[in-house]
Amino acid sequence: MTDDRTVEDLLRMLAPQVLGLLVRRYGQFDRCEDAVQEALLAAATQWPGQGVPDNPRAWLLTVATRRLTDEWRSESARRDREVAVALREPAYAGVVPPADAEPAAADADDTLTLLFLCCHPALTGSAQVTLTLRAVGGLSTAQIARAHLVPEATMSQRIRRAKQRIEAAGARFTMPEPGERDERLRTVLRVLYLIFNEGYTASSGPDLHRAELTGEAIRLARILHGLLPDDGEVAGLLALMLLTDAHRAARLGPDGELVPLAEQDRTRWDDAAIAEGIALITEALTWSPPGPYQLQAAIAAVHAEAPTAATTDWRQIVALYRLLARIAPNPMVTLNQAVAVAMVDGPRAGLALLTSLDADERTAGHHRLAAVRAHLLELAGEAGAAREAYLAAARGTTSLPEQRYLELKAARLTGR
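The structure presented is a predicted model; accordingly, all values stated were derived computationally and were not measured.

Rules used in this analysis
- Residues numbered from 1 in each chain as written.
- Predicted model: local features only at pLDDT ≥ 70, side-chain atom pairs only at ≥ 80, totals over all residues.
- Heavy atoms only, no water.
- Helix = DSSP H or I, 4+ residues; strand = E, 2+ residues; numbered from the N terminus.
- Contact = heavy atoms within 4.5 Å.
- Areas by Shrake-Rupley, 256 points an atom, 1.4 Å probe, with all protein chains shown as cover.
- Axes fitted to C-alpha atoms, helices over the stretch in contact; angles between N-to-C directions.
- Parallel < 35°, antiparallel > 145°, perpendicular 65-115°, else oblique.
- pLDDT = per-residue confidence, 0-100.
- Left-handed = near helix turned anticlockwise from the far one by under 90°.
- Nonpolar A, V, L, I, M, F, W, Y, C, P; charged D, E, K, R; others polar.

**Considerations on the overall build of the protein**
A tally of helices and strands in the protein yields 19 helices and two strands. Contacts in the protein between residues far apart in sequence, at least 24 positions, make up 65% of those at least 6 positions apart. A total accessible area of about 19,600 Å² is found for the protein, and carbon and sulfur atoms account for 53% of it.

Spelled out as structure tokens, the structure:
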């Protein structure tokens, strides 16, 4: 017998390797991905009872290849294509690789190439996230659907459309050209960041966290860091995820209520994750020009190093936000910068920074802008205005834990 969690972890590690091997060998990403999913399902069913094979990757590769071979044989309408491909690739003629067969190419190259393929510019941002979770993360359609709170049939259609769009774009299973590689890598980092954020603070539904998404984002970031150890932004993103996720246990109170950073019990923070995150970002900043993820990780490290909220080095955080705003201007950066400025120069200074966001269509009407404004108004002693802003923020969020927290803040100000 084999522990189910051990099998699941192993399958997630092997999924991108096997898919990369198949796509590089045969092309047709859509069919190869379906074949790998069937192989993963077979393994998840058989391995816990029968034990993990001596060469689990070759086992998955064999099962997936047989699935492809059976499918191609059954398609008489594509017989001409089968014959042409079979002349180039013996496996198409029904010769399945033995269980110990191992391709010569490096797995690392395949995994990285697969990440780039899933983040192809022909796909929308949401499609890139979905396909990365499915193809590289090894999550089933049902798992992804649960994480996004949509029916499995709806998610299945989204995945199918994403794969079809990649095929229609003529995407090849090769590394992008040097001039395109950096841009595509930025997309990969953004996709992993989006996956993490959706898991850390779910945008909708009854739960604040979706641990399957944060865990998967961290796992994939570790893989990427292993493949690109000399990229400072990859290290910065992994550090940022670790330092942020370290707070997870302290973000909910005994009744499931949201606990803001300043009020969290820091003894519940994950010390190991903090130590790893600080070491990563400290080392990266010694040799890499600071990028957006490194600066965000540096800010998270300053928070993590403070034994109490009162001892936080807000001046250092303000300096880091100013640098971040220069190299990667973004309304969310301004929003967080306003809080830091308020802690150094007073709430009025923070409120002044927020005025520029009222005319920005990306944040005007966003519940986070209203929530930050409410917090700063409360610090400034304007209870009535703060209450109205808290209520506006509560109406704007679809996250039930956030909504309850904001409504509670408004209610506490009513009696003032």
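**Side note on unusual backbone geometry**
Look at Q28: it is not a glycine, yet its phi comes out positive at around 55°. Looking at the element boundaries, Q28 is found in the loop between helix 1 (4–26) and helix 2 (29–50).

**Concerning the environment of E263**
In this structure, E263 sits in the loop between helix 11 (232–245) and helix 12 (271–284). Spatially, the C-alpha atom of E263 lies 9.3 Å from that of T308, the residues being 45 residues apart in sequence.

**Side note on the packing of helix 6 (residues 125–136) against helix 10 (residues 211–227)**
At a closest axis distance of 12 Å, the pairing of helix 6 and helix 10 adopts a crossing angle of 75°. Between helix 6 and helix 10, the crossing angle belongs to the class labelled roughly perpendicular. Between helix 6, through T132, L133 and V136, and helix 10, the contact on the second element is made entirely by L213, E216, R219 and L220.

**Here we look at the confidence of the model for the protein**
Per-chain confidence: the protein averages 86 in pLDDT, with 89% of residues scoring 70 or above. The low-confidence segment residues 89–108 (pLDDT under 50) makes 39 contacts with residues lying over four places distant or belonging to another chain.

**Comments concerning the packing of helix 16 (residues 347–354) against helix 17 (residues 367–379)**
Any two packed helices are characterised by how steeply their axes cross, that is the angle between the axes, and by the distance between the axes. Following both chains from N to C, one finds helix 16 and helix 17 inclined at 155°, their axes separated by 9 Å at the closest point. Put simply, helix 16 runs roughly antiparallel to helix 17. Helix 16 and helix 17 meet at a crossing whose hand is left-handed. Counted together, P347, G350, L351 and L354 of helix 16 and L369, V372, R373, L376, L377 and L379 of helix 17 form the full contact between these two elements. Classifying every residue of the contact of helix 16 with helix 17 gives eight nonpolar, one polar and one charged.

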